[in-house]
Each structure stands twice: as C-alpha cells, then as structure tokens.
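Here is how the chains run, residue by residue.
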Amino acid sequence: MNGITMKNNPIETGLSRRQWVGLAAGGLATGLLPFAGWADSGVTSLRSVKGRKPVTVASELATTGISGQRVVVVGGGMAGMTVAKYLRLWGGSGLQVTLVEPDALYTSSIMSNLVLNGSRNISTLQFTRDALTTRYGVVRKAGSVVAIDRNTRTVTLSDQSTLMYDRLVLAPGVSFDDAYGLTQADYEARTPHAWRAGAQTTLLRQQVVAMRDKDVFVMTIPKAPYRCPPGPYERACVVADHLKTTQRAGCQVIVLDENPSIQAERHTFETAFGQTHAGVIRYVPGVTGITIDPMTKVVSYVDALGVSQVIQARVVNPIVPHRATGSEAGGWLAQAGLNNGTAGRWANVNVLSYESTAAGAVGIHVIGDASSCGMPKAGHVANQEAKICADAIVRLMTGGQPDPQPVANSACYSPITAKTASWLTAVYQYDSADGKMKIASNGGQLLINGVPAVPTEAATVSQDNFKDMGTWFTTLMRDTAA
Ligand SMILES: Cc1cc2nc3c(=O)[nH]c(=O)nc-3n(C[C@H](O)[C@H](O)[C@H](O)COP(=O)(O)OP(=O)(O)OC[C@H]3O[C@@H](n4cnc5c(N)ncnc54)[C@H](O)[C@@H]3O)c2cc1C
C-alpha cells in the first residue's frame, strides 16, 4: 500500500495530492458559497443562488510549472465537471481546460427516483456549471463533439468548429439502445426509460400519478453492467410505496430482470420486496425475450423456466440496454476506435490514468459510465475516476508517472419508502495482477480508520439513512460542480 489513509468523508478520493489537502481544508468550505438552500421536499438540495458575488479560488490553484498545455473535456456530467475542476485546481493556471457540453443545465440522475413519488421536483436536481468558469477558469463551449481526429489531435463540434488538445478526456455518459420493439421516439413519448433524468422522468411521474386501482407498472432491468446497479430496485420500491400511500388498491409493480438475481444490496432489496412491499412488488429474475407494444402496453417475455408470459400493463418503464455514448455503429466514439470494451459497448481504459487502451489512442482518456474499469457505473464512482484521471494527467504533464496504487471509494443511498433509505459503500484499490480496480477486502490490506475495508450495505433501512442521503448528495454535488 502507498500509505493512504481514507477519511470518513466518502467524497474524498484518498489521492495523496498536496493540493487536495488544501482543498479539503479550505476549498470545500468556500465551495459552499455559490450554492445554498433546502428543498421544500425536506431533502437537501443545491440551487444556484442568483446575484451572489462569484468567488474565485485562484489562490488555491496549484503552482506546477505546466504551461501552454490544453485539455479538452467532452461531457459536463458527474465525471466531466469533476475532472475539469480538478485539472485546474491541481494543474494550475498554465493548464487550459475547455469543457464541451450541449446542455445549459446539468440534471442529476442521482435522486431522480424521488421525482416519481413527488418528493422532489426535477428542477431541484438541476445545476449550473457557472462555478467551473467563475471559480476555476474552465472555458466552456456549448455543443456536442461529433468527431475526433487522433492524428491532428482535434475534436469537431456540432457547429463544425474545432478544438485542438494535448490531452482529451471523454465523459459522455451513456446512450440507450432501441430495444424490445421500442424506439427513441417511444422512450420520449410513451414508454420512458427515464434512466437519464430529464423530461422522461417527468413523463414517468405523470404516468404513475394517472394509475388507478389494480393497474400494473412493469419495469425491466438490462443485463449488467448497467448504470447504477441498485437504481432499478430502488425505483421499484419508491413506486410501490407511492401506490400504497396514495391508496391505489390492488396495484402491482412487476420487475422483469434480465439478470439471474438482484445486482446490488441484495439483503436490503430482498427484505423490501418480500416484507416492506410484499404483495405489491413481484420480482421476476432471469427473464429473456422481452417485447413491448408501446401502444397497447402489452409486455411479453420468457420466464426462467422457459415459459412464455404476457402482461397487460398500464405503465411500462423499460430500462433498456445502454452503452457509452457515441459507441453505436457510426457513432463518433466508435469511429475513433475507442469502443474496445465488451461487444463494442464501452471503452477499455488503463485504470492508473483512464487513458484508453485502444491502439493508437495515446492522450485520450475515458471516464465515468462510458468507461470499463472494474468499478460500478455510478455518479460517486465517476467523481473518483475523474480525480484519479486529473491527478494522472498532471503527473504526466510534469514529467512524472500516474500513481501506481490508486484507491477509490463509493457510497450509494437508496430510498426504500418516501421517508426511509438504505446505503451501500465500498472501497476499491488497484490490483496489479490484472490491472483492474477491485473491492478492497483482501485481508485488511487497506485500513479505513483501522478497520479492514469490505463492501457493506446498511443492516436496516431507516429515517436517519434518509437524512444522511441528503447530506451525501449535497456534498457530492458541491465537490463536483461548486
Ligand atoms: C435513477 C438513477 C439513480 C441513480 N442514483 C445514483 C446514486 O444514488 N449514486 C450514484 O453514485 N449514482 C447514481 N446514479 C448513476 C449516475 O447518475 C451516473 O453513474 C452518473 O451520472 C455518470 O456520470 P457521467 O459523467 O459518466 O455521465 P452523465 O452524468 O450522464 O454526464 C454525461 C454528460 O455528457 C454529455 N454529452 C453526451 N454526449 C456528448 C457529446 N457528444 N459532446 C459533449 N457532451 C456530451 C451529456 O449531455 C451529459 O451532460 C443514478 C442513475 C439513475 C438513472
């Protein structure tokens, strides 16, 4: 081990950067300034406060000797915002960082299941990226990347303008397949997956509100790996709880899982399905052959015993298979040859630096859900990958090598009802034997406050966990975007 001591704060990366210590001491505290507020839902919320004087942290930017280097970051989500911020903090003012992102506001998918039961309004999940510019000097460019030229080290944007880079960081998240007989137009208008928060989340909320006694809500879960392993099970719980507490009699939530079993927090969700929401949630693992008629909402599938089944649903929420954005046939990531992960869906990376392992992709890094690195596809993990990547780029630009033993951690909270939640946490460390990040449970090699690190889920769901969830989310978003 490299002597890293993990602190209690789950957002802290454990990277041994002098700059991080400075940030932890002062930056996070001042980082609270551009955001404030508690949502009327009772859940912690961050909102941009209009009219507040921008705070700059120029004095906190590191002095590194880097000069005239350009990093272009593609995608301003959980991974992209974090890497842009930390590249400037750790790389200093001589490192020019440009963030390319089409959407004016970031809408957090984290906590978006709480829109479905009315606990939150989607606007409480929306964040500006202004602090990246006003506090850290990140240059922002509105638009989408449509092509990468590896030879000239140039990206082309949707308006046909180009940007040159010395290093390129791709953080474009995921896009969703046409699947089960459905198209993108169906997701937008009739059968929302709502697996990237936004208009589809609001549509799904409206459909849940319109449910009547004895109506059936069917959701599907794709084969792993998919975005947010506990998220679909959490959604089933939140919807079931809402149907019960709003006195819709005889309604059912049917969960069709293409996986053989629950993929995260198994104890928590087995208890939730079998006890807390017994009689409302029906969990069906190991299904195949799902087809959905978007007009009639008839869902067909083959169960684990090979028997064909048909359900007449009122609401269908297909969490369809997804992939790194741009990795579809003809997509910009695929054209650049970067989708060398499973079945061309993800980007394989060297997890010491998040540099792509595709042939000839020197200087191109892929972070967040788009990459394949051994850790789950989650926002907290995206934040950690971004910091490891930023640290590695700064080391490389100053003549060093990436940290040979990175450590990352992940925390995840899942609402089980409108007032209670569970949690899951894990620490990951680099396994040099196969070059992957692995859960640190090997004989207490890694100690957190003297305790061996093992993946842990909450023993019980509780209201305290629900409150902690708000604090965790607020802290994560401040660290990412403020
Ligand atoms: C219901 C739900 C609940 C969740 N709960 C949790 C949770 O409790 N904890 C947790 O850790 N995670 C959770 N997640 C997962 C989390 O939201 C994702 O893992 C995280 O957002 C991934 O970050 P990312 O930066 O890779 O992608 P995103 O956050 O999706 O950001 C990708 C960005 O790239 C931009 N982009 C795409 N293409 C281009 C292009 N060509 N050019 C420029 N920009 C582009 C997009 O506009 C977007 O802003 C949840 C997800 C869902 C759906």
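Above this text is the structure in question.
In this text the structure is predicted, and so the values were computed from the model without any measurement.

Scoring rules and cut-offs
Counting starts from 1 at the beginning of each chain's written sequence and moves along it residue by residue. Local features in this predicted model are restricted to residues whose pLDDT is 70 or higher, and side-chain atom pairs enter the listing and the counts only when it is 80 or higher, whereas totals over whole chains, interfaces and linings include all residues. Values shown for side chains rest on all heavy atoms present in the structure; no hydrogens or waters enter the calculation. The criterion for an aromatic pair is that two Phe, Tyr or Trp rings (for Trp, the six-membered ring) have centres within 6.5 Å, with stacked assigned to planes under 30 degrees apart, edge-to-face to planes over 60 apart and tilted to the rest. The criterion for a charge sitting over a ring is simple: Lys NZ or Arg CZ within 6 Å of the ring centre, and within 35 degrees of the ring normal. In this analysis, axes come from line fits to C-alpha atoms, helices being fitted only over the stretch in contact, and the angle between any two N-to-C directions falls in the range 0 to 180 degrees. Helix numbers and strand numbers start at the N terminus; a helix is a DSSP run of H or I with at least 4 residues, a strand a run of E with at least 2. Take the far helix as your reference; a near helix turned counterclockwise from it by less than a right angle gives a left-handed crossing, and one turned clockwise gives a right-handed crossing. The contact rule is simple, with two residues in contact once any of their heavy atoms fall within 4.5 Å. Note that Gly is not counted as nonpolar here; it falls among the polar residues with everything else outside the nonpolar set of Ala, Val, Leu, Ile, Met, Phe, Trp, Tyr, Cys and Pro and the charged set of Asp, Glu, Lys and Arg. Think of it this way: one heavy atom of a residue within 4 Å of a molecule or strand is enough to make that residue near it. Pairs of N or O atoms within 3.5 Å make up the polar contacts considered here, provided that, within protein, one atom can donate a hydrogen while the other can accept it, and that residues adjacent in sequence are counted only when both atoms are side-chain atoms. Per the annotation, domain bounds derive from an automatic or database assignment of domains. Between any two strands, at least two bridges found by DSSP are needed for them to pair. With strands facing away from the observer, any crossover in which the path from the first strand over the helix to the second runs clockwise is taken as right-handed. Expected span, for any helix, means 1.5 Å times one less than how many residues it has. Only protein chains enter the calculation, and the probe is 1.4 Å; a residue is then buried if its accessible area is under 20% of its type maximum, exposed if over 50%, and partly exposed in between. In plain terms, two cysteine sulfur atoms within 2.5 Å form what is called a disulfide here.

**Q** Please clarify how the packing of aromatic side chains should be interpreted in this entry.
**A** Aromatic ring pairs: the centre-centre distance and the angle between the two ring planes describe each pair. Counted under the stated rule, the structure contains 8 aromatic pairs. Put simply, the rings of Tyr233, Phe269, Phe273 and Tyr283 touch in pairs and so form one group of aromatic residues. Lysine 377 extends its terminal NZ or CZ atom over the ring of tryptophan 346, reaching a point 3.8 Å from the ring centre.

**Q** What's the story with the packing of helix 2 (residues 78-91) against helix 10 (residues 379-397) in this structure? I'm lost.
**A** Two measures define how a pair of helices packs: the angle their axes make with one another and the distance between the axes. Contact pair helix 2 / helix 10: the axes reach a minimum separation of 8 Å and the direction vectors enclose 35°. The way helix 2 lies across helix 10 gives a crossing that is right-handed. Side by side, helix 2 and helix 10 meet where Met78, Ala79, Thr82, Val83, Tyr86, Leu87, Trp90 and Gly91 of the first sit next to Gly379, Ala382, Asn383, Ala386, Lys387, Cys389, Ala390, Asp391, Ile393 and Val394 of the second. Looking at side-chain class alone, the contact of helix 2 with helix 10 contains 12 nonpolar, 4 polar and 2 charged residues.

**Q** Hey, could you run me through the site of the ligand in this one?
**A** In the neighbourhood of the ligand, 38 residues make up the surrounding shell, with Glu101, Tyr106, Arg227, Gly379 and His380 lying closest. Contact between the ligand and methionine 78: an oxygen atom at 3.2 Å from a main-chain N or O atom of the residue. Separating a nitrogen atom of the ligand from a side-chain N or O atom of tryptophan 332 is a distance of 3.5 Å. Elements with a minimum of two residues in the shell around the ligand: helix 2, strand 4 (95-101), helix 10 and strand 25 (407-415). Looking at the shell around the ligand, the element that brings in the most residues is helix 10, giving 3 residues. Taken together, the residues of the shell around the ligand break down into 18 nonpolar, 13 polar and 7 charged. Viewed by domain, the shell around the ligand spans two of them, domain 1 (18-175 + 325-402) and domain 2 (182-320), each represented by three or more residues.

**Q** In this structure, what is going on with the pairing of strand 15 (residues 281-284)? I would like to understand it.
**A** Working note: regular strand, side chains alternate between the two faces of the sheet. Looking at chain direction, strand 14 (residues 252-257) and strand 15 are connected through 4 bridges and run parallel. Bridge pairing in strand 15 places isoleucine 254 opposite arginine 282. Crossover connection from strand 14 via helix 8 (residues 266-276) to parallel strand 15: handedness right-handed.

**Q** What exactly am I supposed to notice about the sheet that holds strand 17 (residues 298-302) here?
**A** Two pairing modes exist for strands in a sheet, parallel and antiparallel, and in both the strands are linked by backbone hydrogen bonds. Spatial ordering of the open sheet is given by 16-17-18, a layout of 3 strands whose pairing is antiparallel. Edge positions in the open sheet fall to strand 16 (288-292) and strand 18 (308-312), since each of these has one partner strand only. Here the average twist between neighbouring strands, direction ignored, is 15°. In terms of strand pairing, strand 17 meets strand 18 through 5 bridges, oriented antiparallel. Within strand 18, the residue paired with valine 299 across the bridge is isoleucine 311.

**Q** Would you take a moment to explain the environment of glutamine 405 for this structure?
**A** Here glutamine 405 lies in the loop between helix 10 and strand 25. With 25 residues separating them in the primary sequence, glutamine 405 and tyrosine 430 have C-alpha atoms 5.5 Å apart.

**Q** Would you mind going over helix 11 (residues 463-481) with me for this structure?
**A** An α-helical turn contains 3.6 residues, so any two residues separated by three or four positions project in the same direction. Here helix 11 spans 27 Å end to end across 19 residues, near enough to the 27 Å set by a 1.5 Å rise per residue. Among all positions of helix 11, only Asn465, Phe466, Met469, Gly470, Trp472, Phe473, Thr474, Leu476, Met477, Asp479, Thr480 and Ala481 are buried.

**Q** Looking at this structure, how should I read the state of the cysteines?
**A** Such a bond, covalent and formed between the sulfur atoms of two cysteines, is termed a disulfide. A full pass over the atoms with the stated rule returns 0 disulfides. Left without a disulfide partner, cysteine 412 is nearest to the cysteine sulfur of cysteine 228, which lies 4.7 Å away. Classification of cysteine 412 as buried rests on a relative accessible area of 15%.

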